[in-house]
Amino acid sequence: MTTLVSEIAGVSEMEAPALALVGVHKSWPGSTHALQGIDIEVHRGELLTLVGPSGCGKSTVLRIVAGLEDATEGDVLRPLDPPGCVFQQASLMPWRSVVRNVELFLELDGVPTRDRIEPVDRAIELVGLDGFRDHLPHQLSGGMQMRAALARALVTHPEVLLFDEPFAAVDELLRERLQEELSRLFAVQRFAGLFITHSVSEAVFLSTRVAVMTARPGRISTVVDVPFSHPRSPELRFDPEFVALTRRVSTALRDGAGDLNEMSS
Amino acid sequence: MRNVLPPLAVAGVVVGAWYWASYVLLDPQRRFLLPAPHEVVQTGLFDAQARSEIWGAVVATGVVAALGLLIASLLGVAIAIAMAQARWVERSLYPWAIVLQTIPILAIVPLIGFWWGFGFSSRVLVCVLIALFPMITNTLFGLRSAPAGLHDLLSLRNVSRLTRLRKLELPAAMPAIFTGLRISVGLSVIGAIVGDFFFRQGSPGIGRLIDTYRAKLASEELFAAIVASSLLGIAAFLLVGMIGNRVIGRWHESGRRP
């Protein structure tokens, strides 16, 4: 049974978290626990990353927070406004131009056309797609489509942003630049972010905290704080403290992963 | 020049083969079986009586086919939308859609004549029956083709069914709808011609005219009428294709040139 709570007991912060899972279990009918005892909370100005092997349930956690799935047990605090989402497929509407895609949520919320112009323009500028407003998705590269999806998620200034491996399909150089861009946006907008990834270096670069998950059942084994301030520079990747944190996360991941034969595809 | 040469060359081969069949393959007594191309053109374009008969009939048939297609597409899309709402609706209606597909239309044309007479509306009904199934199946397929990621994004904001349909499912279905239209337009033209052929009474179209010429052994008029009906089919098909390109060509792969 799940209940929506407006305050989480025992929180020592001044303000309530923007999103939280308390003691959340999830099992699918006919199978064992997919998730067990998940405790997560994220405040504004925090970016929590979930790292874990394939199939450990990271995406399920995100979907529960988004409201696309229900938890089998435990409490879920969902943001009041719909969260912004960026998934692995940019999922832009191919029949709409960049502008029309970015304004989608304002349109769905019933914002009149003339009131949409400014926020949409700002969002497009923010992600650096200025000259491509009237382009169609098929005319954009993969990285540009991802930036358009980011603009779409940001345009309503949501309190919470959810990311499900958005940069997985992009080459390494572009990936690093998109990470830096996201860090810059985070520094300015100060949303509460939940980010899913496979990549340890991406996790450490982007987050204020990294949670390592193990598979079957999905559990959080370790949480690592990443104290660097945002926006973060590319040079940070070679900082010794950064590297040490990467090692910690990586070790925790390996410890929880089991032997080669147990790992899913 | 490169664009025009291949089609011209193929057309030349076809016309050449036609001449060969008319003059080489057939001896003079049997030449009426396949009049030469220039004789067909002469009758179809320059003989006043044949010309007005043939082209008048083509227009009459064309109107029937167009109206039949219009009704079939609107009805087909509406039924597909209903079927896309719930699996139980789909399961209930699909068998009847298949019945529509498999019933030999020609077998029920006499029935339609008895029940609704042999006039314009009966002819349109035949076209609708024949053209409906591809519109239903293609539209349903298209409605379901919207990516799950986009559906999730809309679910996040609790949009109504109608909004989801208008903003996501229908635009995503457009390529499939036009595929259905391309199939249905040919069927509708055939339905109009064949229905006309079998009705024998009521307002005449090119189908009946072809039969009349056949009975009179007026082979030049017959072939002119056959060519004219092919042109009707080709024109209808090209028209639907052009409209499709304007609507979806901008964003869909099918509009891109290699």
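From a predicted model like this one, the values you see are computed outputs, not experimental measurements. (Residues numbered from 1 in each chain as written. Chains lettered and ligands numbered in written order. Predicted model: local features only at pLDDT ≥ 70, side-chain atom pairs only at ≥ 80, totals over all residues.)

(A) Looking closely at the overall build of chain B. Looking only at helices and strands, one finds 10 helices and 0 strands in chain B. In sequence order, chain B lays out its α and β elements as α-α-α-α-α-α-α-α-α-α. C-alpha extents for chain B along the principal axes are approximately 75 × 55 × 30 Å. Within chain B, the fraction of its 258 residues that count as buried is 34%. Considering only contacts within chain B whose residues lie at least 6 apart along the sequence, 75% involve residues at least 24 apart. (Helix = DSSP H or I, 4+ residues; strand = E, 2+ residues; numbered from the N terminus. Buried ≥ 20, exposed ≤ 12 C-beta atoms within 10 Å, placed from the backbone. Contact = placed C-beta atoms within 7 Å.)

(B) Expanded view of helix α2 (residues 37-46) of chain B. Residues and elements named next belong to chain B. Of the residues making up α2, those classed as buried are Val40, Thr43 and Gly44. Projected down its long axis, α2 shows its buried positions confined to an angular sector of 90 degrees, all on one face. Looking at α2, the residues exposed on the side facing more than 90 degrees away from the buried face are His38, Leu45 and Phe46. Summarising the contacts, the buried residues of α2 are in contact with α3 (48-85) and α10 (219-248). (Arc of directions from axis to C-beta.)

(C) Looking closely at the sheet that holds strand β8 (residues 209-214) of chain A. Residue and element names in this part refer to chain A. Strand order across the open sheet formed by 6 strands is β5-β6-β7-β3-β8-β9, with mixed pairing between neighbours. Pairing within the sheet leaves two strands with one partner each, and these edge strands are β5 (84-86) and β9 (219-225). Each adjacent strand pair in this sheet contributes to an overall mean axis angle of 15 degrees, direction not counted. Pairing of strand β6 (residues 160-164) with strand β7 (residues 192-197) involves 5 bridges; the strand directions are parallel. Residue pairing for β7: Phe163 is matched across the bridge by Phe195. On top of the sheet, helix α5 (residues 142-154) reaches β5 and β6; it is set at about 170 degrees to β5, its chief contact. (Pairing = 2+ DSSP bridges. Axes fitted to C-alpha atoms, helices over the stretch in contact; angles between N-to-C directions.)

(D) Main features of the nonpolar core. In terms of nonpolar packing, the biggest core is built from 136 residues, with Ala151 and Val249 of chain A together with Cys127 of chain B touching the most fellow members. For this core, the element with the most residues is helix α6 (residues 120-143) of chain B, which contributes 14 residues. (Core = buried A, V, L, I, M, F, W, Y, C linked by C-beta atoms within 7 Å.)

(E) Up close: the sheet that holds strand β2 (residues 33-42) of chain A. Residues and elements named next belong to chain A. In space, the 3 strands of this open sheet follow the order β2-β1-β4, with antiparallel pairing throughout. Edge strands, defined here as strands with exactly one partner in the open sheet, are β2 and β4 (73-77). Direction aside, neighbouring strands of the sheet carry axes that sit 15 degrees apart on average. Where helix α1 (residues 58-66) meets the sheet, its contacts fall on β1 (19-27), β2 and β4, and the angle it forms with β1 comes to roughly 120 degrees.

(F) A look at the confidence of the model for chain A. All names here are of chain A. Confidence in the prediction for chain A averages 86 pLDDT; 91% of positions are at 70 or higher. Mean pLDDT across the elements of chain A bottoms out in β2 (87) and peaks in helix α2 (residues 98-102) (95). Contacts of residues 1-13 to residues separated by more than four positions or lying in other chains number 21 contacts, the stretch itself having pLDDT below 50. (pLDDT = per-residue confidence, 0-100.)

(G) Region of interest: the environment of Ile196 of chain A. All names here are of chain A. On the secondary structure map, Ile196 appears in strand β7. Considering only alpha carbons, one finds Ile196 and Ala169, 27 residues apart in sequence, at a separation of 14 Å. Apart from the residues lying within four places of it in its own chain, the contact partners of Ile196 are Leu50, Lys58, Ser59, Leu62, Phe163, Asp164 and Glu165.

(H) Broad picture of the pairing of β6 of chain A. Residues and elements named next belong to chain A. With 5 of 5 residues buried, β6 lies mostly within the body of the structure. Of the two faces of β6, both are covered, the one formed by Val160, Leu162 and Asp164 as well as the one formed by Leu161 and Phe163. Bridge analysis of β5 against β6 gives 3 bridges, and the strand direction is parallel. Among the inter-strand pairings, Gly84 is bridged to a residue of β6, identified as Leu161. Between the parallel pair β6 and β7, the chain is carried across by helix α6 (residues 172-189), and the sense of this crossover is right-handed. (Right-handed = clockwise from strand over helix to strand, strands pointing away.)

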